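Each chain, written out:
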2 protein chains.
Amino acid sequence: MERRMDQQLSMEEQQLLVDLLFTQQYAIELISAELADIECGYKQVDAQRYKQLIGLYDRVRAFG
Amino acid sequence: MERRMDQQLSMEEQQLLVDLLFTQQYAIELISAELADIECGYKQVDAQRYKQLIGLYDRVRAFG
């Protein structure tokens, strides 16, 4: 199975992408889009993944 | 100086965000938005950062 793109990125490249998410103020929208896909039934994820997403959403939202 | 949000995230949280970027197919748009801000003069960055962004854009674009 071909490795996913995110798994092929260096740590530095991944951190640059995360930095861009906050520089472009898009982190909360990205997480919300994923949660909406799950809650509308477009996407199935296990309970642990859903819990991680909710936790990350709350962390980023609390940061303001 | 208060630490930025991205610096407060755990490695696991950062990897989840990067995974979401590719799951939601938004990585290339995010990098393009930052490059547009720089090229239109809305944002100043040093040459090294600009070079990193161009390199990352080419890597993600080539991945398709």
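Residues numbered from 1 in each chain as written. Chains lettered and ligands numbered in written order. Predicted model: local features only at pLDDT ≥ 70, side-chain atom pairs only at ≥ 80, totals over all residues. Heavy atoms only, no water.

A. Quick look at the pattern of salt bridges. Taken as a whole and judged by the stated rule, the model has 10 salt bridges over all chains. R49(A) serves as the salt-bridge partner of E34(A), at 3.5 Å between the closest nitrogen and oxygen. On the criterion of sequence distance, the pair formed by E34(A) in helix α3 (residues 27-39) and R49(A) in helix α4 (residues 47-63) is long-range, its members being 15 residues apart. As far as burial versus exposure is concerned, E34(A) and R49(A) are alike and both buried. E34(B) is paired through a salt bridge with K43(B); the nearest N and O atoms lie 2.9 Å apart. A relative accessible area of 1% means that E34(B) is categorised as buried. Ionic contacts of the salt-bridge type, sharing partners, join the residues D19(A), E34(B), D37(B), K43(B) and R49(B) into one network. (Salt bridge = Lys/Arg side-chain N within 4 Å of Asp/Glu carboxyl O. Helix = DSSP H or I, 4+ residues; strand = E, 2+ residues; numbered from the N terminus. Buried < 20%, exposed > 50% of the residue type's maximum accessible area, 1.4 Å probe, protein only.)

B. Fine view of helix α2 (residues 11-23) of chain A. In this model, α2(A) (13 residues) spans 18 Å end to end at C-alpha, consistent with the 18 Å of a helix rising 1.5 Å per residue. Within α2(A) the residues assigned to the buried category are E13(A), Q14(A), L16(A), L17(A), V18(A), D19(A), L20(A), L21(A) and F22(A). (Expected span 1.5 Å × (residues − 1).)

C. Summary view of the relation of the copies chain B and chain A. Laying chain B over chain A is done by rotating through 180° and shifting 0.0 Å along the axis; what remains is an RMSD of 0.0 Å. In short, the pair behaves as if placed about a two-fold rotation axis. Every residue of chain B has its C-alpha some distance from the rotation axis, and the shortest such distance is that of V18(B), at 3.3 Å. When you check the interface residues of chain B against chain A, 100% turn up at the interface there too, and the contact is symmetric in its surfaces. (Least-squares fit on C-alpha atoms with pLDDT ≥ 70 in both. Contact = heavy atoms within 4.5 Å.)

D. Summary view of the interface of chain B and chain A. Each side of the interface is counted separately: chain B has 36 residues, and chain A has 36 residues. Taken together, the two surfaces of chain B and chain A that pack against each other cover about 3,500 Å², and 66% of this comes from carbon and sulfur. Summed over the three residues of chain B that lose the most area to chain A, namely M5(B), L17(B) and F63(B), the buried surface amounts to 18% of that side. For the pair chain B and chain A, the number of links is 4 salt bridges. Salt-bridge contacts for D19(A) lead to R49(B); the nearest nitrogen and oxygen are separated by 2.6 Å. Across the chain B-chain A interface, the total number found is 12 residue pairs in polar contact (both at pLDDT 80 or more). For the side of chain B that touches chain A, the secondary-structure elements that each account for two or more residues are α1 (5-8), α2 (11-23), α3 (27-39) and α4 (47-63) of chain B. The dominant element in the side of chain B that touches chain A, judged by the number of residues it contributes, is α2(B), at 13 residues. (Buried area = accessible area lost by both parts, 1.4 Å probe. Polar contact = N/O pair within 3.5 Å; in protein donor to acceptor, adjacent residues only side chain to side chain.)

E. Region of interest: the packing of α2(A) against α2(B). It is the contact of α2(A) with α2(B), at a shortest axis distance of 10 Å, that shows an interaxial angle of 75°. When the axis of α2(A) is compared with that of α2(B), the two are roughly perpendicular. Residues M11(A), Q14(A), Q15(A), L17(A), V18(A), L21(A) and F22(A) of α2(A) lie in contact with α2(B), whose contacting residues are M11(B), Q14(B), Q15(B), L17(B), V18(B), L21(B) and F22(B). Within the contact of α2(A) with α2(B), the residues separate by chemical class into 10 nonpolar, 4 polar and no charged. (Axes fitted to C-alpha atoms, helices over the stretch in contact; angles between N-to-C directions. Parallel < 35°, antiparallel > 145°, perpendicular 65-115°, else oblique. Nonpolar A, V, L, I, M, F, W, Y, C, P; charged D, E, K, R; others polar.)

So far we have only geometry, and geometry alone does not tell us how the molecule works.
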